[in-house]
Amino acid sequence: MSATIGDFVTDGVSADRLGALYEAHAADALRLAYLLTGDRAVAQDLVQDAFVKMAGRLAHLRRAEAFGAYLRVTVVNMARMRGRRLKVERDYLARHTAELVEPHRDRDVAATESLRLALATLPFKQRAAIVLRFFEDVPDEVTAQVLGCRQATVRSHIHRGLETLRAELGEWVP
Amino acid sequence: MTDGFRDELDRLAAGAPTPDERRDQVVRAARRRSRVGMVVASAIAVTGVLVGVLAVGAVLDRRDARPIGPTPTGVVRVSESASTPPPIEARGELAYFRDGPFGGSAQLMVRNADGSDPRTIGDLAISTSRLSVAPDGSQAVFDHGLGEGSGQLEVIDLSTGVVHTIFDVGQPNGPDWSNDGSTIVFSTDSGALFTIPSGGADSGIPVRGEGDGRFLEGYEASWSPDGDSLVAIDDAGEVFVVEVDGTSPPRRLTSIGRAGWTDWGPDGIVVSTMVNDSWGLYELDPENETPPQLLLDRPGDETAPEVSPDGNFLAFIGIDGDQQDLFVLDLGSDAVDQLTDDAAQELSPAWIPSS
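Here the structure is a predicted model, which is why all the values come from computation and not from measurement.

Trainee: Quick one: what's the story with the overall build of chain B, residue by residue and with numbers?
Mentor: What chain B contains, in helices and strands, is 3 helices and 24 strands. For chain B, with 355 residues in total, the buried portion stands at 54%. In chain B, the proportion of contacts linking residues at least 24 apart, taken out of those at least 6 apart, comes to 41%. When the accessible area of chain B is evaluated, it comes to approximately 14600 Å², of which 49% is carbon and sulfur surface.

Trainee: Summarise the side chain of Asp 140 of chain A; cite the residues concerned and give the values.
Mentor: Residues and elements named next belong to chain A. Note on placement: Asp 140 falls in helix H8 (residues 140-147). Among the polar contacts made by the side chain of Asp 140, one reaches the side chain of Arg 133 at a distance of 2.7 Å. Those residues in contact with Asp 140, other than ones at most four positions away along the chain, are Arg 133, Gln 151, Val 154, Arg 155 and Ile 158.

Trainee: Explain the packing of helix H7 (residues 124-134) of chain A against helix H9 (residues 151-169) of chain A to me, using residue names and the numbers behind them.
Mentor: Residues and elements named next belong to chain A. The geometry of H7 relative to H9 is characterised by a closest axis approach of 8 Å and an angle of 95° between their N-to-C directions. Classified by the angle between their axes, H7 and H9 sit roughly perpendicular to one another. Residues Lys 125, Gln 126, Ala 129, Ile 130, Arg 133 and Phe 134 of H7 touch H9, and the partners they reach there are Val 154, Arg 155, His 157, Ile 158, Arg 160, Gly 161, Leu 162, Thr 164 and Leu 165. Partitioning the contact of H7 with H9 into residue classes produces 7 nonpolar, 4 polar and 4 charged.

Trainee: Explain the environment of Ala 134 of chain B residue by residue, including any values.
Mentor: Residues and elements named next belong to chain B. Along the chain, Ala 134 falls in the loop between strand S4 (131-133) and strand S5 (139-147). The spacing of Ala 134 and Ile 352 is 218 residues in sequence and 7.7 Å in space, taken between C-alpha atoms. Other than its neighbours up to four places away in sequence, Ala 134 contacts Gln 139, Trp 177 and Pro 353.

Trainee: Could you give me a rundown of the sheet that holds strand S21 (residues 313-320) of chain B, with the residues and numbers involved?
Mentor: Residue and element names in this part refer to chain B. Strand order in this open sheet of 4 strands is S20-S21-S22-S23, and the pairing throughout is antiparallel. Pairing within the sheet leaves two strands with one partner each, and these edge strands are strand S20 (301-307) and strand S23 (336-338). The average undirected angle you get between the axes of adjacent strands in this sheet is 25°. Pairing analysis gives 3 bridges linking strand S22 (residues 323-330) to S23, with the strands arranged antiparallel. Considered in S23, the bridge of Phe 327 is made with Gln 338.

Trainee: Any chance you could break down the confidence of the model for chain A for me, citing the residues and the numbers?
Mentor: Residues and elements named next belong to chain A. This prediction gives chain A a mean pLDDT of 74; 70% of its residues lie at or above 70. Within chain A, the element-level pLDDT minimum falls on helix H1 (residues 5-11), averaging 39, and the maximum on H7, averaging 91. Here residues 1-12 is modelled with pLDDT under 50, and outside its nearest four sequence neighbours on either side it reaches 24 contacts, counting other chains as well. Every residue in residues 84-105 scores below 50 in pLDDT, and together they form 24 contacts with partners more than four places removed in sequence or on other chains.

Trainee: So what's going on with the sheet that holds strand S10 (residues 193-197) of chain B? Residues and values would help.
Mentor: Residues and elements named next belong to chain B. Ordered in space as S8-S9-S10-S11, the 4 strands form an open sheet in which the pairing is antiparallel. Of all the strands in the sheet, just strand S8 (173-177) and strand S11 (205-206) have a single pairing partner and so form its edges. The pairing of strand S9 (residues 183-187) with S10 spans 5 bridges and is antiparallel. Bridge assignment links Thr 183 to a residue of S10, and that residue is Pro 197.

Trainee: Hey, could you go over H9 of chain A for me, with residue numbers and the actual values?
Mentor: Residue and element names in this part refer to chain A. When the terminal C-alpha atoms of H9 are compared, their 26 Å separation across 19 residues agrees well with the 27 Å that a helix rising 1.5 Å per residue should span. For H9, the complete set of buried residues consists of Val 154, His 157, Ile 158, Gly 161, Leu 162, Leu 165 and Leu 169. Projected down its long axis, H9 shows its buried positions confined to an angular sector of 125°, all on one face. At the exit of H9 stands Gly 170, carrying a positive phi of roughly 120°.

Trainee: Could you give an account of the packing of aromatic side chains, naming the residues involved and the relevant values?
Mentor: For the structure shown, the criterion picks out 9 aromatic pairs over all chains. Geometrically, the ring pair formed by Phe 97 of chain B and Phe 142 of chain B is edge-to-face, given 5.6 Å between the ring centres and 80° between the ring planes. Taken together, the positions of Phe 97 of chain B in strand S1 (residues 93-99) and Phe 142 of chain B in strand S5 put the pair 45 residues apart, joining distant regions of the chain. As far as the burial class goes, Phe 97 of chain B and Phe 142 of chain B line up, both buried. Summarising the aromatic geometry, the rings of Phe 316 of chain B and Phe 327 of chain B are spaced 5.3 Å apart at their centres and angled 10° between planes, so their arrangement reads as stacked. With Phe 316 of chain B in strand S21 and Phe 327 of chain B in strand S22, this pair connects stretches of sequence that are 11 residues apart. Here the aromatic cluster, defined as three or more aromatic residues joined through ring pairs, consists of Tyr 22, Phe 51 and Phe 67 of chain A.

Trainee: Tell me what's going on with unusual backbone geometry, and back it up with residues and numbers.
Mentor: Residues and elements named next belong to chain B. Even without being a glycine, Glu 220 presents a positive backbone phi close to 55°. Locating Glu 220 in the fold gives a position in strand S12 (residues 219-223). Here the phi dihedral of Ser 348 falls at roughly 55°; this positive angle occurs in a residue that is not glycine. Among the structural elements, Ser 348 can be located in strand S24 (residues 345-352).

Trainee: Lay out the pattern of salt bridges with the relevant residues and their values.
Mentor: Applying the stated criterion across every chain, the model contains 21 salt bridges over all chains. With its nearest N and O atoms 3.4 Å apart, the salt bridge here joins Arg 40 of chain A to Glu 21 of chain B. Of the two residues, Arg 40 of chain A is situated in helix H3 (residues 40-55) and Glu 21 of chain B in the loop between helix H1 (2-13) and helix H2 (23-47); the pairing between them involves two chains. We classify Arg 40 of chain A as partly exposed; its relative accessible area is 37%. Arg 298 of chain B serves as the salt-bridge partner of Glu 302 of chain B, at 3.0 Å between the closest nitrogen and oxygen. The two residues Glu 302 of chain B and Arg 298 of chain B agree in class, both being buried. Each of Arg 130, Asp 176, Glu 220 and Glu 306 of chain B takes part in a single network of salt bridges with overlapping partners.

How each quantity is defined
- Residues numbered from 1 in each chain as written.
- Chains lettered and ligands numbered in written order.
- Predicted model: local features only at pLDDT ≥ 70, side-chain atom pairs only at ≥ 80, totals over all residues.
- Heavy atoms only, no water.
- Helix = DSSP H or I, 4+ residues; strand = E, 2+ residues; numbered from the N terminus.
- Buried < 20%, exposed > 50% of the residue type's maximum accessible area, 1.4 Å probe, protein only.
- Contact = heavy atoms within 4.5 Å.
- Areas by Shrake-Rupley, 256 points an atom, 1.4 Å probe, with all protein chains shown as cover.
- Polar contact = N/O pair within 3.5 Å; in protein donor to acceptor, adjacent residues only side chain to side chain.
- Axes fitted to C-alpha atoms, helices over the stretch in contact; angles between N-to-C directions.
- Parallel < 35°, antiparallel > 145°, perpendicular 65-115°, else oblique.
- Nonpolar A, V, L, I, M, F, W, Y, C, P; charged D, E, K, R; others polar.
- Pairing = 2+ DSSP bridges.
- pLDDT = per-residue confidence, 0-100.
- Expected span 1.5 Å × (residues − 1).
- Arc of directions from axis to C-beta.
- Phe/Tyr/Trp six-rings, centres within 6.5 Å; stacked < 30°, edge-to-face > 60°.
- Salt bridge = Lys/Arg side-chain N within 4 Å of Asp/Glu carboxyl O.

Structure representation (structure tokens):
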């Protein structure tokens, strides 16, 4: 049985109910965080921080069913802040992508790893716009609100990001 | 081609960590955090500021408290469409000064933190730099500069607008009211930190910090939540923490740029600091264990941060060209509401705790 906001407010937040919320939303949040950061450990930290932040806000949520959407926005925002703080890391990745993307005997593994590294070198808004459209199936209108820009800018981010990925990875990128 | 790209993203996402790895750790941390939220929600309900918070439906359906003003460029804002959540509305009230277009006068304003119900508490023909509200929410202290090296600390009753002076030696400025209501810290024009009882005094007690009797230089001091420490800024714009009882020397915090404003909230210290010719908001760890964290990515400058009593929101003054307005940042979702949008200049926001 899924937890509702009413449960939290009337009974307090039990570990069981928080656990239920975590189980309902953590996997999606972790996949999103991993695509945005390209790093498993960072994705775990980020989702943990986002979930803890949201747990402090349960009494303020207007709609229980919106928890997942709140968590998604929080993950994107926290990933963006982290990206600003760790620009050095991204620059390092950009410098070393070429040497890291060595041909792999397993084509599928090589392609996936190449995509991870190539995504990590994109400017955050390009990366987020691509992930939100192609992985999360989020409409550009919503992405514009999440990223704080116009829809046309979202399309521009996607276009430029895909162009970079295509140059890096090949014509299979749309 | 698009399907192939989606499939590749799916394969990549399949490499993400599984939720099970940290489930218990996350739930424990979330539970600790949620208790804070519940305490705050309960306090709000008990005090009647938002009667019936427990009747969540009524509160959640409130429609008359929409954020006002335009969304600043670059600010994350969430809509109420089916696939994205609505903004989390700021609770509580804010007091702030509103300067007239020609300066030299200031109105003390109060409005709800969601932007609604602005009202004027006092019309004061003064020059001031900082406002701080008593923990019972009944009155606020501010500095009143008289010019030529003199000034005074004054307290205004937020219900009646009646003002009285509590300290009139030298030129005190930047007052901050302690969380237990007993003490006010301020700095002098010479840059030394002093405290006085909140009821007023004829002389200040110097904050020593090193136990050797010297005055401690600093300004823009803010109390720690437990009232044992202060955070302040030195002449070089560096942020330091000092025990009020003078038992240990000041500790410099890792910071960037040149700080101008501080506030110590339940979850850490927030400063406005100048980086690359722009004032921005950063969170600092009082224990210096984590690096400064940028809180907001928007054009223009952000100054005068004030964390809400529950630690969930941050009021600040945003400056864009000639515009100087009051904003509230939701520290959970990073959504920002602009509460004012006018030719007057807003300054010195201060949260009004629920009594």
